[in-house]
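Letter by letter, the chains look like this.
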Amino acid sequence: MYIDTHCHLDGEEFAEDRDEVVQRAREAGCSKIFLPAIDAKSCQTVVDTCNRYPDYCYPMLGLHPEEVKSDWREQLGTIKEFIVHSSESNVQHSTFNVIAIGEIGLDYYWSREFEKEQVEAFEEQVKWAIELQLPLMIHCRKAQNEMVAILKKYAKELPGGVFHCFTGNEQEARQLLEFDNFVLGIGGVLTFKKSHLPEVLPACVPLERIVLETDAPYMAPVPQRGKRNESAYIRHVITRLAEAYGVSEEEICQQTTANVARLFPQVTF
């Protein structure tokens, strides 16, 4: 059994066969799926999807850096309201409990137009995590130094979290692992032909600091690369990770699941 800690199951890409995708995930051994919101609108679709699959799908709410635009303050206000009231019984048509703040972070890959706003939005949501003692689900692309600088300001207060979709080198991995109770999210990139992760990870990342993810519908692993990704495909990541570390697939599943249980106390195991 394993856990997919990052899957956009609420997306339109799964609108036609979401039940079948969940069924395939269960049959493949996926015991839980965590869903990150990316903006205020998707908070509702994430919550709705999690309510559809109770005790199987769990919501993480936040504002993705690529969605930080001129209305970012209004979006944060809406998202914060979702999070604060998530456990209240009077929330209309909802029985959900938010398990993390995410998907948040910094992304300067496509544009730096809203660079300042991204930094402010990220830092504000980091403060939420501290205030509510919820782990972070962090997206970072072409901005690790800037992200690390912000996190260092709150290092002693951070409740932990996941550096999602890690694809970096040994130096970058070591820098991220300096933050206590944070782990690296590993997905389909591990299986790519040109990926250096099979060498980087065993060299400097203990298995106790790794969780599994898909980022579905994106980043499908080999041999499914180019197709729509889904939680059932993590089996290919598990196989490659076991080969890289020289351990059994069962050990990969057991350790990564234990890591999730440690990081996400709001989840029922």
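Heads up: the structure comes first, above all this text.
Residues numbered from 1 in each chain as written. Predicted model: local features only at pLDDT ≥ 70, side-chain atom pairs only at ≥ 80, totals over all residues. Heavy atoms only, no water.

### Thoughts on helix α1 (residues 18–28)
Argument step 1. Within the sequence span of α1, burial applies to Arg18, Val21, Val22, Ala25 and Ala28. Angularly, the buried residues of α1 cover 125° about the axis, an arc narrow enough to put them on a single face.
Argument step 2. In the segment just after α1, glycine 29 is the residue with positive phi, at about 105°. (Buried < 20%, exposed > 50% of the residue type's maximum accessible area, 1.4 Å probe, protein only. Helix = DSSP H or I, 4+ residues; strand = E, 2+ residues; numbered from the N terminus. Arc of directions from axis to C-beta.)

### Things to note about helix α8 (residues 234–245)
An α-helical segment advances 3.6 residues per turn. Residues three or four places apart therefore align on the same side.
Argument step 1. The terminal C-alpha atoms of α8 lie 16 Å apart, and with twelve residues this matches the ideal 16 Å at 1.5 Å per residue to within 8%.
Argument step 2. Within the span of α8, buried status applies to Ile234, Val237, Ile238, Leu241, Ala242 and Tyr245. Down the axis, α8 shows its buried residues gathered within 135° of arc, on one side only.
Argument step 3. Looking at the buried side of α8, the elements it contacts are β1 (2–4), β7 (182–186), α7 (197–204), β8 (210–212) and α9 (249–263).
Argument step 4. In the segment just after α8, glycine 246 is the residue with positive phi, at about 70°. (Expected span 1.5 Å × (residues − 1). Contact = heavy atoms within 4.5 Å.)

### A word on the pairing of strand β4 (residues 100–107)
Argument step 1. The element β4 is largely enclosed, with a buried count of eight among its eight residues.
Argument step 2. Sheet topology places strand β3 (residues 57–61) next to β4; two bridges connect them, and they run parallel. Considered in β4, the bridge of leucine 61 is made with isoleucine 101.
Argument step 3. Two elements, β4 and strand β5 (residues 136–141), share six bridges in a ladder whose sense is parallel. Bridge pairing in β5 links isoleucine 104 to isoleucine 138.
Argument step 4. Chirality of the crossover, the property in question, places the unit of β4, helix α4 (residues 115–132) and β5 among those that are right-handed. (Pairing = 2+ DSSP bridges. Right-handed = clockwise from strand over helix to strand, strands pointing away.)

### Here we look at the pattern of salt bridges
Where charged atoms from two side chains of opposite charge come close, those side chains can pair.
Argument step 1. This structure, assessed with the given rule, holds 16 salt bridges.
Argument step 2. Close ionic contact of arginine 174 with glutamate 170 constitutes a salt bridge, the shortest N to O distance being 3.3 Å. Here the residue arginine 174 and the residue glutamate 170 both occupy positions in helix α6 (residues 170–176), the gap between them amounting to four residues, near one helical turn.
Argument step 3. In this structure arginine 174 comes out as partly exposed when scored by relative accessible area, which is 44%.
Argument step 4. Since its relative accessible area comes to 33%, glutamate 170 is described here as partly exposed.
Argument step 5. Through salt bridges with shared partners, a single network forms among Asp17, Arg24, Arg228 and Glu230. (Salt bridge = Lys/Arg side-chain N within 4 Å of Asp/Glu carboxyl O.)

### Section: the packing of aromatic side chains
Argument step 1. Here the structure, examined in full by the defined rule, presents six aromatic pairs.
Argument step 2. Where phenylalanine 179 meets phenylalanine 182, the ring centres are 6.2 Å apart and the plane angle is 65°; that geometry is what we call edge-to-face. Like phenylalanine 182, phenylalanine 179 is buried.
Argument step 3. Seen from the ring of phenylalanine 192, arginine 225 lies directly overhead, with NZ or CZ sitting 3.7 Å from the centre. (Phe/Tyr/Trp six-rings, centres within 6.5 Å; stacked < 30°, edge-to-face > 60°. Lys NZ or Arg CZ within 6 Å of the ring centre and 35° of its normal.)

### Examining the sheet that holds β5
Strand pairing in a sheet relies on backbone hydrogen bonds, with the paired strands running either antiparallel or parallel.
Argument step 1. Reading across from one edge, β1-β2-β3-β4-β5-β6-β7-β8 is the order of the eight strands in this open sheet, with parallel pairing throughout. Two strands close off the open sheet at either side, each with one partner strand: β1 and β8. Adjacent strand axes in the sheet meet at a mean angle of 30°, parallel and antiparallel pairs treated alike.
Argument step 2. Bridge count for β1 against strand β2 (residues 30–36) is three bridges, and the pairing is parallel. From the neighbouring strand, tyrosine 2 faces β2, where its bridge partner is cysteine 30.
Argument step 3. Together, β4, β5 and β6 (161–163) form the strand contacts of helix α5 (residues 144–153), whose direction differs from that of β5 by roughly 145°.
Argument step 4. Contacts from α8 reach β1, β7 and β8 within the one sheet, and its direction differs from that of β8 by about 150°. (Axes fitted to C-alpha atoms, helices over the stretch in contact; angles between N-to-C directions.)

### A word on the nonpolar core
Argument step 1. Ranked by size, the top nonpolar core spans 80 residues in total, and within it Leu184 and Leu201 carry the most contacts.
Argument step 2. With sequence-adjacent residues up to four places away left out, leucine 184 is seen in contact with Val162, Phe163, Phe166, Ala173, Leu176, Leu177, Leu201, Val205, Arg209, Ile210 and Val211. (Core = buried A, V, L, I, M, F, W, Y, C linked by side-chain atoms within 4.5 Å.)

### Considerations on unusual backbone geometry
Negative phi characterises most residues that are not glycine, and trans characterises most peptide bonds.
Argument step 1. Each neighbour pair has its own omega, and for glycine 102 with glutamate 103 the value is 20°, a cis peptide bond.
Argument step 2. Within the secondary structure, glutamate 103 is located in strand β4.
Argument step 3. Along the chain, alanine 216 connects to proline 217 via a cis peptide bond; the corresponding omega equals 15°.
Argument step 4. Relative to the elements of secondary structure, proline 217 occurs in the loop between β8 and α8.
Argument step 5. Although it is not a glycine, asparagine 181 sits at a positive phi angle of roughly 65°.
Argument step 6. Turning to its location among the elements, asparagine 181 is positioned in the loop between α6 and β7.
Argument step 7. Non-glycine residue aspartate 215 carries a positive phi angle of around 65°.
Argument step 8. Position of aspartate 215 among the secondary structure elements: in the loop between β8 and α8.

Spatial relationships are all this shows, so hold off on functional conclusions.
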